[in-house]
Structure formats: C-alpha cells, structure tokens
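# Observations on chain architecture
Residues per chain, in single letters:
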Amino acid sequence: MVRTLAVARVLVAALMLLAVGRLAWQGIADGSFVPWNFFGYFTIQNNLIGVAALAIAARYVGRERPEWVELLRLTAAVTLTIVVTVYWTLLLPTDDEPWAWTNLVVHGLSGVALVADWLVDGPRRPLPWGLLPWVMAYPLLWVAVTLVRGATDGWFPYPFLDPANGYAAIAMVVGGIVVAGLALGAVYMRATRWRALVPA
C-alpha cells in the first residue's frame, strides 16, 4: 500500500507536469508563447504547486510529514479545487478545446487527485486552525501581482479580472473566491482530523 501510494503520486505529478509542458510547447509551436504570460496563469502556477506537493509527499510515504508539507498539500488541494470549479462554471465558454487531454488534466484531474490524496493520506497530527488563513496567502499574492500587471501593461489572464469591469466587481469575485477557499480549507482540515484518533 505504501509503495503503491508513492508510485501513484509520482505518476500523477508526472502527468500534470507533462500537460503543462505540452501546453507550453503548443504555444511555442504556434508562436503565441510568452513566458511571463503563460506562467502568470493561476491554473499553470497551481498545477506546478500541485506537482511539487505530490512529489514531496511521495518522499514521506510511510513516515510522518513536517507541518509545512501538510500545509503545502492542503493549499494545493484548495487552490486546485478553485481552479477546477472556476473553469467549469465561468471559463468553459471561452475555451476552444475544453476536451483536450491537457485541459482535462490541468482543469480536472489535478484537482481531483490532490483532494483525493489529501483525504486518503491526510496528516496524522491535525493542522492548527491558526494555519488556515495561510491557505489563501499565495492566491491573494497572485491576485495582487495580476492586478498590478492589468493596470500597467494591460494583460489579465481571466475575463473576471479585466480592469474594464471595475475594481468593485473584481473585489466581489475575488472576495467570494477567498471566502470559498477558506471554507474549503476548513472542510478539508476537518475531514482528516479523525486520523489523530487512529494509532499510526
């Protein structure tokens, strides 16, 4: 079981990395690839964070993981849940190839895999509730950088972050996502607290 879990994490991480690499290659091939735009997407960044979380967790299979690893895994599970949810509810109409395998990986499998991994092999010691706000620290940093870019060079990755919509509308969307992210983090943390009652 331990070896199977480690192998599964590595294989899923490799598939996610392959999908991101394939998307980058497609952009290079058609001449549309701009590194600071491609890697500016929340989807791309958080798939790479998910890859790191799975790869690091694979090294700790069968032994207790440090708190920072568990926080990384939780953050990846929450942010990729947001990626999957926002894509299929808000962004699907803007995508020309929603059923391409690369899209299904970065906007589907990645979120399912990280949440399943967290629930199947959650922390033995419950994370302190005081760490919950840190789950949304990186997404908020990403939003801040993206809004600065939108106001300076006019580039924005998603329609709901278009400065033309007004910052009040953007604040409402971002605020909703932050609240949803914190709620998800709380649910995911609570879902694994039973492990503290089970002998290791």
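Residues numbered from 1 in each chain as written. Predicted model: local features only at pLDDT ≥ 70, side-chain atom pairs only at ≥ 80, totals over all residues. Heavy atoms only, no water.

Bringing the overall build of the protein into the picture now. A count of helical and extended segments in the protein gives 7 helices and 0 strands. Ordered by position from the N terminus, the helices and strands of the protein form the series α-α-α-α-α-α-α. Taken over the C-alpha trace, the protein has a radius of gyration of 17 Å; the compact-globule value for 200 residues is 16 Å, and the two agree within 12%. Expressed along its principal axes, the backbone C-alpha trace of the protein runs to roughly 55 × 40 × 25 Å. A total of 200 residues make up the protein; the buried ones form 44% of that total. Taken as a whole, the protein presents about 10500 Å² of accessible surface, with 71% of it coming from carbon and sulfur. Positive and negative charge centroids in the protein, built from 13 and 11 side chains respectively, lie 16 Å apart. (Helix = DSSP H or I, 4+ residues; strand = E, 2+ residues; numbered from the N terminus. Rg over C-alpha atoms; globule rule 2.2 N^0.38 Å. Buried < 20%, exposed > 50% of the residue type's maximum accessible area, 1.4 Å probe, protein only. Areas by Shrake-Rupley, 256 points an atom, 1.4 Å probe, with all protein chains shown as cover. Lys, Arg positive; Asp, Glu negative; His and termini not counted. Charge placed at Lys NZ, Arg CZ, Asp CG, Glu CD.)

Okay, helix α3 (residues 42–59) next. Compared with an ideal rise of 1.5 Å per residue, which puts 18 residues at 26 Å, α3 spans 26 Å between its outermost C-alpha atoms and is within 8% of the ideal. Taken as a whole, α3 has its buried residues at Phe-42, Thr-43, Ile-44, Gln-45, Asn-46, Asn-47, Gly-50, Val-51, Ala-53, Leu-54, Ala-57 and Ala-58. On the buried face of α3, the contacting elements are α1 (2–30), α2 (35–38), α4 (67–91), α5 (101–120) and α6 (137–152). (Expected span 1.5 Å × (residues − 1). Contact = heavy atoms within 4.5 Å.)

The next thing to look at is the pattern of salt bridges. What the rule picks out here adds up to 8 salt bridges. Residue Arg-9 pairs with Asp-117 through a salt bridge whose shortest N-O separation is 2.6 Å. In this pair, Arg-9 sits in helix α1 while Asp-117 sits in helix α5, placing the two residues 108 residues apart along the sequence. The residues Arg-9 and Asp-117 share a single accessibility class, namely buried. A salt bridge links Asp-117 to Arg-73, with the shortest nitrogen-to-oxygen separation between them at 2.9 Å. With Asp-117 in helix α5 and Arg-73 in helix α4, this residue pair connects regions lying 44 residues apart in the sequence. Considered together, Asp-117 and Arg-73 belong to a single accessibility category, that of buried residues. Through salt bridges with shared partners, one network takes in Arg-9, Arg-65, Glu-70, Arg-73, Asp-117 and Asp-121. (Salt bridge = Lys/Arg side-chain N within 4 Å of Asp/Glu carboxyl O.)

Below, the discussion takes up the packing of aromatic side chains. Overall, the coordinates contain 10 aromatic pairs when judged by the stated rule. When the centroid spacing of 5.0 Å and the interplanar angle of 90° are considered together, the rings of Phe-38 and Phe-39 count as edge-to-face. On the accessibility criterion, Phe-38 (12% relative accessible area) is buried. Take Phe-39: its relative accessible area is 39%, and that puts it in the partly exposed class. Summarising the aromatic geometry, the rings of Trp-142 and Tyr-158 are spaced 6.1 Å apart at their centres and angled 50° between planes, so their arrangement reads as tilted. You can see Trp-142 sitting in helix α6 and its partner Tyr-158 sitting in the loop between α6 and α7 (167–191), a full 16 residues away along the chain. A single burial state applies to Trp-142 and to Tyr-158, both of which are buried. (Phe/Tyr/Trp six-rings, centres within 6.5 Å; stacked < 30°, edge-to-face > 60°.)

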